[in-house]
Amino acid sequence: MMTFFPVPYKDELLYSVLARYHVRSGNVSIKATQKDVYGTDSITAIMDLPSHIHRIMENLPVGHHYTPEYLIANHTLYPFYAAFLPPDHAAKVKESMIGDNGGSIYNRIGLMASSIKLNQFFKFCPQCIEEEMNNLGELYWHRIHQIPGILVCPDHKTPLYDSQVPVRGYNKHDYRVAATETCKIITWESSYTDKTMEKVINITEDIKFLLSNKMESKSLDWFKEQYLSRLKELGFANVNGRVRKKELQESFLDFYGHRLLEKMQSDINNNNNWLNDMLRRNYRTTHSLRHLLFIQFLGISVSDLFNKKIDYKPFGEKPWPCLNPVASHYLSPVVTDIELKYGADSKSPIGVFKCNYCDFTYLRTGPDQEEKDKYKITKIKEFGSVWESKLKQLTKQRLSLRETARQLEVDPATVKKYAKKLDLKTSWIKRSEEGDQSINSIKQDSPVEKKEGYRREWLNLRKQYPLSSKTELRQLNNRVFTWLYRNDRDWLNRNSPKLKSIVNDNHRVDWEHRDEEIYNNVRLAVKDMLSVGKPIRITISSVGSRIGIRPLLEKHLNKLPMTKGYLNDKTESIKDFQIRRLQWAVQELKEDGQDLSLWRIYRKAGIRENFQKELQEEAIKLVIGKNDYDHGFGK
């Protein structure tokens, strides 16, 4: 039994804690230490996923506060490997770690069959060693440093190096401490480009997230469905779930490059195409590192992968607008039913939208790129009962074919087709045929007769619609209007409806009172915009849009002196706005406990590359402080 137990350091391996116990206990023999820790001297020292933890608990000093779950979650690599295991597998692995059945752990996780192997030697960070010697007086093995594929220290963003301590030692029962004499830089690690370094750091931070947060176990199908939805969004899979494997593999290799993937034991080739294997619907587990490589490529955060269901929605969220032009709910978001299909020719998703109120059904080829796309129709599949009722009503009014088509917002051929389908008796069929004959006769008549023919058509149009304006008549028969406008304009002007006079009510606007009201609304709007999360640029247009009076502010600001003065003081230039974004980014990164590297600040703030050099001085001031910059760095 142990008379004391070293307090584990943050992110310290349980292996490392036991190694420090061996040194402090004064035991000459490792077997004596094994007896203290396990009550037996035949337990193998395992770095990543140790077993027999229940024995450790039985031999801890009286009054300890540790539990097997605490040690496993905080001082082993279990959270990293278990994150991508099915719930029942993860539970059995933990059970094996607590109990004496350690031989089954690697098989359950899939490490025995994986092409990713454990590091040969314990790894260390030179800066961590320096800080630990200064602050603690001793070193310890960090668990995140030992994960295969981790190339940099998450705290210092510097390369990790091999120590001289093998992960699987010559004596399988021995625990080796981290020490300055065994943690020396023998060969320098090669440097990476900025883009590669960014990817390496992102992978490291994702692993750190898995180690620090207890993620709810998901089934293998959950991950495959998440990936497939995202692949559809990115165009690597069609609506039916067929993955364009060649395009996906090429893009994945372009994203990482063979050199980085080789470093992470995850290159893709004919002998090892783990990417294809991971997307197949089978029950083989994939190494956690490769899941993280894939989600970074897909642009999914670890948190969203586990907690947010990714649904492929090429047409956005429901409800969608009904596009039946004769329905009372036209353009209202009332459509909740959608059927997704795959366009074999266009290789694009096709949405079939059906309105439950009027049965109007239309197709749209996607995906939608902007808000206005939801009001487009690729094809009408079914007009529905409301539209057909409107057609029956219009035929009874004895309107012309063209006017009927205009009100129904279809072409005349469609009107004819559905009138025949519904067996409607119409007056415009005969009139249309006569109109076609008259048009043909006009083309063959003399210029004078041709002119008289167009004049008659215009006068008949006026007689048929006596209350319509000139513009409305033009929309009813643009062919006749255009010919008369080009060839008989004076006559057209004399025989068209007069312009309706605009009544001027001469009501004067109380601009002083309006200025006071708008000033208060503008102040509230600016306050709201400054208090939201990610910064929004303060401009006259953005403030006006926020309170719904943008045209008024843009056209009549000179009549609102109080509002104008306030906006002149609050509106931002592009550079002012960029500096505010930098300030916000620095604050966010500090709160998240992340490193304040310039590239990270620029990325968080969304600063484009062509502006970064110009803003470098401001960014450095925010990191080191303005006074320190002015009195030191700035000079």
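What counts and how
Sequence order as written defines residue numbering, which begins from 1 separately in each chain. Predicted model: local features are reported for residues with pLDDT of at least 70 only, side-chain atom pairs are reported and counted for 80 or more only, and whole-chain, interface and lining totals are derived from all residues. Hydrogens and water are ignored here; the side-chain numbers use all heavy atoms of the structure. Secondary structure counts use DSSP, requiring at least four H or I residues in a row for a helix and at least two E residues in a row for a strand, with both numbered from the N terminus. Computation of the radius of gyration draws on C-alpha atoms, with the globule rule given as 2.2 Å multiplied by the number of residues to the power 0.38. We call a residue buried when its accessible area falls under 20% of the maximum for its residue type, exposed when it is over 50%, and partly exposed in between, using a 1.4 Å probe and counting protein chains only. Whether two residues are in contact is decided by their heavy atoms, any of which lying within 4.5 Å being enough. To measure how exposed things are, a 1.4 Å probe is used in the Shrake-Rupley method; for residues, cover is taken only from the protein chains shown. Here Asp and Glu are counted as negative and Lys and Arg as positive; His is not counted, and neither are the chain ends. Think of each charge as sitting on NZ of Lys, CZ of Arg, CG of Asp or CD of Glu. Disulfide assignment relies on a single distance test, namely cysteine sulfur atoms paired within 2.5 Å. Here a salt bridge means any side-chain nitrogen of Lys or Arg lying within 4 Å of a carboxyl oxygen belonging to Asp or Glu. Geometry of aromatic contacts follows a simple scheme: Phe, Tyr and Trp rings, the Trp one being its six-membered ring, pair when their centres are within 6.5 Å, and the pair is stacked under 30 degrees between planes, edge-to-face over 60, tilted otherwise. Here the rule is simple: two strands pair whenever DSSP picks up at least two bridges between them. For helices, the axis comes from a line fit to the C-alpha atoms of the stretch in contact; other axes are also lines fit to C-alpha atoms, and the angle between any two N-to-C directions lies between 0 and 180 degrees. Residues forming no salt bridge and having over 30% relative accessible area are the ones grouped into patches, like charges within 9 Å of each other and nonpolar side chains (Val, Leu, Ile, Met, Phe, Trp, Tyr) within 5 Å. The labels follow the angle: roughly parallel below 35 degrees, roughly antiparallel above 145, roughly perpendicular from 65 to 115, and oblique for the rest. Here the term charged refers only to Asp, Glu, Lys and Arg, the term nonpolar to Ala, Val, Leu, Ile, Met, Phe, Trp, Tyr, Cys and Pro, and the term polar to all other amino acids, Gly among them. Side-chain atoms within 4.5 Å are what join buried Ala, Val, Leu, Ile, Met, Phe, Trp, Tyr and Cys residues into a set we call a nonpolar core. By definition, the arc is the one covered by directions from the helix axis to the C-beta atoms.

Participant: Can you walk me through the overall build of the protein in this structure?
Facilitator: If you tally the helices and strands in the protein, you get 31 helices and eight strands. In summary, the protein has a C-alpha radius of gyration of 37 Å against a globular reference of 26 Å for 635 residues, an excess of more than 25%. Counting the 635 residues in the protein, one finds 46% classified as buried. Of the contacts formed within the protein by residues at least 6 apart in sequence, a portion of 61% connects residues at least 24 apart. Carbon and sulfur atoms make up 47% of the accessible area of the protein, which amounts to about 35400 Å² in all. One finds the centroid of the 100 positive side-chain charges in the protein at a distance of 7 Å from the centroid of its 81 negative side-chain charges.

Participant: Even after reading the chapter, I still don't get the state of the cysteines, so can you show me in this structure?
Facilitator: By definition, a disulfide links two cysteine residues through a covalent bond between their sulfur atoms. For the coordinates displayed, the defined rule picks out zero disulfides. The thiol of Cys 128 is not disulfide-bonded; the next cysteine sulfur, from Cys 153, is found 3.6 Å away. As a non-bridged cysteine, Cys 183 has Cys 125 as the owner of its nearest cysteine sulfur, 11 Å distant. On the accessibility criterion, Cys 183 (8% relative accessible area) is buried.

Participant: For this particular structure, what's the right way to read the pattern of salt bridges?
Facilitator: Pairs can form between side chains of opposite charge whenever their charged atoms are close. Enumeration according to the criterion identifies 22 salt bridges in this entry. Arg 580 is the partner of Glu 572 in a salt bridge, and the nearest nitrogen-oxygen pair spans 2.6 Å. Among the residues examined, Arg 580 registers a relative accessible area of 17% and is labelled buried.

Participant: So what exactly am I meant to see when it comes to the packing of aromatic side chains here?
Facilitator: Each aromatic ring pair is specified by the distance between its two centres and by the angle formed by the two planes. Throughout the structure, instances matching the rule amount to 33 aromatic pairs. Consider the rings of Phe 360 and Tyr 362, whose centres lie 6.1 Å apart with planes at 45°: the pair is tilted. In this structure, Phe 360 and Tyr 362 share a single accessibility class: buried. Ring geometry for Phe 383 versus Tyr 418: centroids 4.9 Å apart, planes at 80°, classification edge-to-face.

Participant: Quick question: what am I supposed to make of the sheet that holds strand E5 (residues 337-342) here?
Facilitator: Hydrogen bonds along the backbone pair up the strands of a sheet, which may run parallel or antiparallel. Taken together, four strands build an open sheet; the order of strands is E5-E6-E7-E8 and the sheet is antiparallel. The open sheet has two edge strands with one neighbour each: E5 and strand E8 (379-382). Going across the sheet, the axis of each strand differs from the next one's by a mean of 25°, ignoring polarity.

Participant: Would you take a moment to explain a positive patch on the surface for this structure?
Facilitator: Judged by side-chain charge, Lys 341, Lys 354, Lys 379, Lys 381, Lys 417 and Lys 421 come together as a positively charged surface patch. Looking at where Lys 341 falls in the secondary structure, it is placed in strand E5.

Participant: Help me out: how do you make sense of the packing of helix H9 (residues 194-212) against helix H29 (residues 598-605) in this one?
Facilitator: Each pair of packed helices can be described by the angle between their axes along with the distance between the axes. In contact at an axis separation of 12 Å, H9 and H29 are set at 80° when each is read in the N-to-C sense. In terms of their interaxial angle, H9 and H29 are classed as roughly perpendicular. Of the residues in H29, those touching H9 at Glu 198, Ile 201, Asn 202 and Glu 205 are Trp 599, Arg 600 and Arg 603. Taken together, the residues that form the contact of H9 with H29 break down as two nonpolar, one polar and four charged.

Participant: What should I look at first to understand the packing of helix H24 (residues 511-531) against helix H27 (residues 561-570) in this one?
Facilitator: One way to put it is that H24 packs onto H27 with a least axis distance of 8 Å and a crossing angle of 20°. Our classification of the angle between H24 and H27 gives roughly parallel. Contacts between H24 and H27 involve Asp 515, Glu 516, Ile 518, Tyr 519, Val 522, Arg 523 and Val 526 from the first element and Pro 561, Met 562, Thr 563, Tyr 566, Leu 567 and Lys 570 from the second. Classifying every residue of the contact of H24 with H27 gives eight nonpolar, one polar and four charged.

Participant: Just checking my understanding: could you explain the nonpolar core for this structure?
Facilitator: General note: in soluble globular proteins, nonpolar side chains tend to be found buried as a group. Within the largest apolar cluster, 100 residues are counted, with the highest numbers of intra-cluster contacts made by Ile 207, Tyr 227, Phe 252 and Phe 294. If we skip the residues at most four places from it in the chain, Phe 252 touches Leu 261, Ile 268, Trp 274, Leu 275, Leu 293, Phe 294 and Phe 297. Among the nonpolar cores identified, the runner-up in size contains 25 residues, and Val 326, Cys 358, Leu 401 and Val 410 belong to it.

Participant: It is not clear to me how a negative patch on the surface should be interpreted in this structure. Could you clarify?
Facilitator: A grouping of Asp 510, Glu 512, Glu 516 and Glu 517 is seen on the molecular surface, where their side chains present a negatively charged patch. Mapped onto the elements of the fold, Glu 516 is located in helix H24.

Participant: For this particular structure, what's the right way to read the pairing of strand E7 (residues 361-365)?
Facilitator: Residues in a regular strand point their side chains to alternate faces of the sheet. With four of five residues buried, E7 is to be regarded as a mostly interior element. Bridging between strand E6 (residues 349-354) and E7 involves five bridges; their strand directions are antiparallel. Paired with Ile 350 across the bridge in E7 is Thr 365. Counted between consecutive antiparallel strands, the loop separating E6 from E7 contains six residues, among which Asp 359 sits at a positive phi close to 65°. Bridge count for E7 against E8 is three bridges, and the pairing is antiparallel. Bridged to Thr 361 within E8 is Glu 382.

Participant: What exactly am I supposed to notice about helix H2 (residues 30-38) here?
Facilitator: Side chains of residues three or four places apart in an α-helix project in the same direction, reflecting 3.6 residues per turn. When we look at burial in H2, the residues that qualify are Ile 30, Thr 33, Gln 34, Asp 36, Val 37 and Tyr 38. Buried residues in H2, looked at end-on, bunch into an arc of 165°, giving them a common side. Of the surrounding elements, those touching the buried residues of H2 are helix H1 (14-25) and helix H3 (53-59). Trailing H2 by a residue or two, Gly 39 shows a phi angle of about 80°, which is positive.

Participant: Looking at this structure, how should I read a nonpolar patch on the surface?
Facilitator: Residues Tyr 330, Leu 331 and Tyr 375 make up a contiguous nonpolar surface patch of about 270 Å² in total accessible area. Turning to its location among the elements, Leu 331 is positioned in the loop between strand E3 (320-321) and strand E4 (333-335). The class for Leu 331 is partly exposed, based on a relative accessible area of 39%.

Participant: Sorry if this is basic, but what is going on with the environment of Asn 119 here?
Facilitator: With respect to the element layout, Asn 119 can be found in the loop between helix H7 (105-109) and strand E1 (121-124). By relative accessible area, which is 13% here, Asn 119 ends up buried. Along the primary structure Asn 119 and Val 167 are separated by 48 residues, whereas in three dimensions their C-alpha atoms are 6.9 Å apart. Non-local contacts of Asn 119, meaning those with residues more than four positions away in its chain, are made with His 145, Gln 146, Ile 147, Pro 148 and Val 167.

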